[in-house]
Structures are given as structure tokens and as C-alpha cells.
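Single-letter residue listing:
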Amino acid sequence: ATFALRAAIGVMQRHGLPARIDEVRLVGGGARSPLWRQTVADAFGARVACPLEPESAALGAALQAAAVDAGAADLGAWLPER
């Protein structure tokens, strides 16, 4: 998965994504693995960050679904204040 992600980033860089990557954010179960986090950091030459909510992708999808189901015109209204 790490090297497939690295290859995908290479494609995006050829289409305009800046060449320098300072940080990679990991979510999901694999993000709990110190070995995987270090592998990603090494592959990208960048620091790795993990959000406080490890399943943030699932949480985001659930929030979007709830907002759409409720007929929200502005999905931003469903985000917590920071």
C-alpha cells in the first residue's frame, strides 16, 4: 500500500502537485502500526501525522451522509468549531 501510494503521488506530481511533501497524514487501522508509520515516513521522506480520531475517514463519511439526509444546504455547518 505504501509504495502504491508513493506511485500515485508521483503521478499527481507530474500533473502539478508540488514536488516537496512535508507531511503525510495516515488514518485507519494501519495508522496504529509504528512500523507502517515509519515505512511511510521513509518512503516519502516526510513526517507522518495521525489525526486524533483514527477512523476520521469513516467519521467524515458518516457526517456527510447525516448532513445530506437532514437536507443540509451547507455541509460546513455540520463541522465542529475549532
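A brief structural summary. (Residues numbered from 1 in each chain as written. Predicted model: local features only at pLDDT ≥ 70, side-chain atom pairs only at ≥ 80, totals over all residues. Heavy atoms only, no water.)

**Focus: the pattern of salt bridges**
Taken as a whole and judged by the stated rule, the model has four salt bridges. In this structure, R25 and E23 form a salt bridge, with 2.8 Å as the shortest nitrogen-oxygen distance. Here R32 and E55 are joined by a salt bridge, their closest N and O atoms 4.0 Å apart. With R32 in the loop between β1 (23–25) and α2 (34–44) and E55 in the loop between β2 (47–49) and α3 (56–69), this pair connects stretches of sequence that are 23 residues apart. A residue is classified by how much of its surface remains accessible, and R32, at 54% relative accessible area, is exposed. A network of salt bridges, in which partner residues are shared, links E23, R25 and R47. (Salt bridge = Lys/Arg side-chain N within 4 Å of Asp/Glu carboxyl O. Helix = DSSP H or I, 4+ residues; strand = E, 2+ residues; numbered from the N terminus. Buried < 20%, exposed > 50% of the residue type's maximum accessible area, 1.4 Å probe, protein only.)

**Thoughts on the environment of T39**
Inspection of the secondary structure assignment puts T39 in helix α2. Residue class for T39 comes out partly exposed when judged on its relative accessible area of 27%. A C-alpha to C-alpha distance of 15 Å links T39 and D22, two positions 17 residues apart in sequence. At 2.8 Å, the side chain of T39 and the backbone oxygen of L35 are in polar contact. (Polar contact = N/O pair within 3.5 Å; in protein donor to acceptor, adjacent residues only side chain to side chain.)

**Section: α3**
Here α3 spans 20 Å end to end across 14 residues, near enough to the 20 Å set by a 1.5 Å rise per residue. Positioned one or two residues after α3, G71 has a phi angle of 80°, which is positive. (Expected span 1.5 Å × (residues − 1).)

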